[in-house]
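# Examining the three-dimensional arrangement
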Amino acid sequence: MLGKTAGGLYWMFRFLERSENTARLIEAGFRIALTRSRDSDSEWKSVVTTAGVRAGYDAKYDTYTAQHVVDYLLRDTSNPSSVMCAIENARTNARMVRTALTTEVWEAVNENWMAMKAALKKPIPETDLPALLGEIRRHSALVRGALHGTMLRNDAYDFAQIGTALERADNTARIIDVKYYTLLPSASFIGSAMDNVQWETILRSVSAHRSFRWLNANEMTSSGIAEFVILDSRFPRSLYFASRTIRANLGYLEKDYGATMPCHALIDQQVTKMRQHTIASIFEGGLHQFIGDFLRSNNAIGAQIQLDYRFDG
Amino acid sequence: MKSKTNHFDEMLLATDGVRDPYNKYQRWFSNEDPSRLAKKSKEAEAFFRRTGITFNVYGQEAAQERLIPFDLIPRIISNREWTKLSKGIEQRVRAINMFLHDIYNRQEILRAGIIPIDLIAKNDAFLPQMMGFTPPGNVYTHIVGTDIVRTGEDDFFVLEDNARTPSGVSYMLENRETMLQMFPELFSQNKVQPVSDYPKNLRRSLAACAPVNCSDDCTVAILTPGIHNSAYFEHSFLADQMGVELVEGHDLKVIDGHIAMRTTQGYQVIDVLYRRVDDDYLDPLNFRPESMLGVPGIMDVYRAGNITIANAPGTGIADDKAIYSYMPDIVEFYTGEKPILKNVQTFRCSEPDTLKYVLENLAELVVKEVHGSGGYGMLVGPAASKAEVAEFAEKLKQNPGNYIAQPTLSLSTVPIFKKKGLAPRHVDLRPFVLVSPGGIDITPGGLTRVALKEGSLVVNSSQGGGTKDTWVLED
């Protein structure tokens, strides 16, 4: 496989994952804004921060209103992380690597792009937002379904999975990074009303509010949530789960190509380090510090993979 | 049903009824509900969009990716007609390859005084870098797309030879695929010769032209200028269908005298490169220095016999429009046979007497740039306004050597489907020809392009032309 093809697959799935994550961030922000209108500005601000597009947004707007933030994150073509740009980038990469994709995957990506190009032509009125966000999630599920259902389990699949997992880990870590202070253990055993809303936002941002409740009944605690989104081995968007996915797929590549690369040592380190941690030890060393380290390590792994499989630059 | 046009209609007779090859189709068609067909036509369009069978039009930002309209009435060719056509094409392609070998080696045809030396020596399409070199297997034009037009029952003309990098074959394949999906019953009623083997044959044909010192399982790759190229869909489609890598210039590098592509496991040698990049851009060290699309040094690897480039660099000298007028002589010179297919009468504007004639009759003629393609920069006299004709006359006077003129042919028509019924439209035909040391293989059929505008003679997709599935019937 060409290095360029590996890169195309990796980026295609990173962008696809990014479009879905951005949609989910908007969804969580929108929900908070509906239920707590007074604080909604700061909530939208943290949505923009989490999406990692503060600089671009601030250069364009002075205030954090639902209308502006939603528009910037959904359809602004000057924002490279907007849903529209991400979907467009995913499709451009898919066109580049079309020979490595099944017809089903290609068509799902192309249809996603066609549908979103039409849907995001004009600003989205509030009434249409929930349906649209659902549409975004549905399209990206279709692509993923086509990937799982039709692609050979070979290197192409591995790069697609690695791209998805890396982006996912990055996204979850950034959500925690922006909200880490709301997860710090407080004096009160049961969180305040304020905490509850914040915690719910975190869970919704990673589509975990249902599964967390299901697993924990009514026990909503900051450390419970932190443990869930960082260390849980069943939750597909936890940092640990995503890291294990990266390791598994890098492992298939290692076996397939018969070559151990520097990225293998890096991902082993990351997984091992997480396995040695408990949520208590993470809090002890500092949650903020831990997440910062994780983001750096995750980025380093991404860069090393590009180097090892020759799709850098 | 009868033909409503003064031109030769390939389906409908002027009296009443249809020509033989269309008998069965006509019976099916007359039983079809037009609204069902209109619905099918919409479905086909949605299918093309979804699968991404699009092309890019240069200079049209808003409509970056466009569909080539597909018409659902097939163009049907009888086996008898095809046999004659394919013999004529084969003869012509054989002659072109011999001509190219001659031009880049002993130049007998120049010595014999059949073609003026200036026409070669001063031609941009002639590549001195190819002198004294014979490509692997002595094949120059691995893929040819001969453009054929028809004016009557037995009157076929070659309009262009397209010996560089002809495109359109993906449409031939996808059009058939679409027809099979939409109207399977038609294919059980009519015995249509299949086209689907083309990618397999292309790969085999290219592999047969591999360098001599290449191992048995040689590596073929397609070189594309990238996703912004107008024919990118076709490049990726062919790579996919052939099961080969689709590479760009920056994926390639010269390593130990070979061309190698950067893979996830290091560099891998390529033996045959089917390039869809023009000569000029192929090698910045040998041609345009600013080109980012090619591979620096590939010409040296080529001349050392370590890679096959398909088509060979410099084949453009054979399909140059100024050379075109000599094609009947070229065919006879190399094959010793009379040409089976006719040439369109061609006036070389470089000759003063001819230029005078062309200027006097401009409103009746079609004038083309010698190096032009894609229907750009041409004048269709009868369809142009007085002002356009006058403007073109000025251009012509300024640089006569840049133009040739041809009489406006009464191109045949084939009906297209309209909600109100059938409407005759002008067509041409581009069959696809594969050349290898083992012989010449022509896929039965080809790409039929159709001018969708009433009366228009310009079939190019960049100028609003559409396509049709092309059937060659078995006996």
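Residues numbered from 1 in each chain as written. Chains lettered and ligands numbered in written order. Predicted model: local features only at pLDDT ≥ 70, side-chain atom pairs only at ≥ 80, totals over all residues. Heavy atoms only, no water.

## Observations concerning the packing of helix H6 (residues 169-182) of chain B against helix H9 (residues 232-242) of chain B
Pairs of packed helices are described in terms of their axes, by the angle between the two and the distance that separates them. All names here are of chain B. Where H6 contacts H9, the axes come no closer than 9 Å and their chain directions differ by 70°. By the angle between their directions, the pair H6 and H9 is classed as roughly perpendicular. Once H6 is placed against H9, the crossing between them reads as left-handed. Residues Val169, Ser170, Tyr171, Leu173 and Glu174 of H6 pack against Phe233, Glu234, Phe237 and Leu238 of H9. (Axes fitted to C-alpha atoms, helices over the stretch in contact; angles between N-to-C directions. Helix = DSSP H or I, 4+ residues; strand = E, 2+ residues; numbered from the N terminus. Parallel < 35°, antiparallel > 145°, perpendicular 65-115°, else oblique. Left-handed = near helix turned anticlockwise from the far one by under 90°. Contact = heavy atoms within 4.5 Å.)

## Details of the domain arrangement of chain A
For an interface, size is often stated in terms of accessible area lost upon the parts coming together. Residue and element names in this part refer to chain A. Taken domain by domain, chain A consists of domain 1 (1-151) and domain 2 (154-313). Both faces combined, the contact of domain 1 with domain 2 buries some 2,800 Å², and carbon together with sulfur accounts for 59% of it. Among the residues of domain 1 in contact with domain 2, Tyr10, Arg24 and Thr50 are the three that bury the most area, contributing 22% of the side total. A salt bridge links Glu17 to Arg168, with the shortest nitrogen-to-oxygen separation between them at 3.0 Å. Looking at the side of domain 1 that touches domain 2, the elements that each hand over two or more residues are helix H1 (3-35), helix H2 (40-50) and helix H7 (129-150). Counting residues per element, the side of domain 1 that touches domain 2 draws most heavily on H1, at 18 residues. Class assignment for the residues of the side of domain 1 that touches domain 2 results in 13 nonpolar, 8 polar and 10 charged. (Domains from an automatic or database assignment. Buried area = accessible area lost by both parts, 1.4 Å probe. Salt bridge = Lys/Arg side-chain N within 4 Å of Asp/Glu carboxyl O. Nonpolar A, V, L, I, M, F, W, Y, C, P; charged D, E, K, R; others polar.)

## Quick look at the packing of aromatic side chains
All names here are of chain A. Here the structure, examined in full by the defined rule, presents 30 aromatic pairs over all chains. Sitting above the plane of the Trp113 ring, Arg91 keeps its charged end 3.7 Å from the centroid. Against the face of Tyr157 rests Arg153, its NZ or CZ located 4.1 Å from the ring centre. (Phe/Tyr/Trp six-rings, centres within 6.5 Å; stacked < 30°, edge-to-face > 60°. Lys NZ or Arg CZ within 6 Å of the ring centre and 35° of its normal.)

## Considering the sheet that holds strand E4 (residues 143-145) of chain B
All names here are of chain B. With antiparallel pairing, the 3 strands of this open sheet are ordered in space as E4-E21-E22. Across the chains shown, the open sheet's two edge strands, defined by having one partner strand only, are E4 and strand E22 (439-442). Averaged over all pairs of adjacent strands, the angle between strand axes in this sheet comes to 20°, irrespective of strand direction. The sheet contacts of helix H3 (residues 79-103) involve E4, strand E21 (432-436) and E22, and relative to E22 the element is tilted by about 135°. (Pairing = 2+ DSSP bridges.)

## What to know about the nonpolar core
Membership of the largest hydrophobic core comes to 101 residues, with the highest contact counts inside it found for Leu74, Ile230 and Tyr309 of chain A. Looking at which domains feed residues into this core, each of domain 1 (1-151) and domain 2 (154-313) of chain A gives three or more. Formed by 64 residues, the second largest nonpolar core is a distinct cluster that contains Phe29, Phe55, Ile76 and Val195 of chain B. (Core = buried A, V, L, I, M, F, W, Y, C linked by side-chain atoms within 4.5 Å. Buried < 20%, exposed > 50% of the residue type's maximum accessible area, 1.4 Å probe, protein only.)

## Observations concerning the pairing of strand E20 (residues 421-430) of chain B
All names here are of chain B. Among the 10 residues that make up E20, 8 are buried, leaving the element largely enclosed by the rest of the structure. In the sheet, strand E19 (residues 413-418) pairs with E20 via 6 bridges, with the strands oriented antiparallel. If you follow Pro415 over to E20, its bridge partner there is Pro424. Linking two consecutive strands that pair antiparallel, namely E19 and E20, is a turn of 2 residues. Inspection of the sheet shows E20 paired to strand E23 (residues 447-451) by 4 bridges, in the antiparallel sense. Residue pairing in the sheet places Arg430 in a bridge with Leu447 of E23.

## A short note on the interface of chain B and chain A
Facing 24 residues of chain B, the contacting portion of chain A comprises 26 residues. Surface buried jointly by chain B and chain A totals about 2,300 Å² across both partners, of which 46% is contributed by carbon and sulfur atoms. Seen at the junction of chain B and chain A, the total is 5 salt bridges. The residue Arg262 of chain B makes a salt bridge to Asp312 of chain A at a minimum N-O spacing of 2.9 Å. The tally of links between chain B and chain A comes to 18 residue pairs in polar contact (both at pLDDT 80 or more). If you list the elements that add at least two residues to the side of chain B that touches chain A, you get helix H2 (34-51), H9, strand E8 (245-247) and strand E10 (258-263) of chain B. Residue contributions to the side of chain B that touches chain A peak at 5 residues, all from H9 of chain B. Grouping the constituent residues of the side of chain B that touches chain A by class yields 7 nonpolar, 9 polar and 8 charged. (Polar contact = N/O pair within 3.5 Å; in protein donor to acceptor, adjacent residues only side chain to side chain.)

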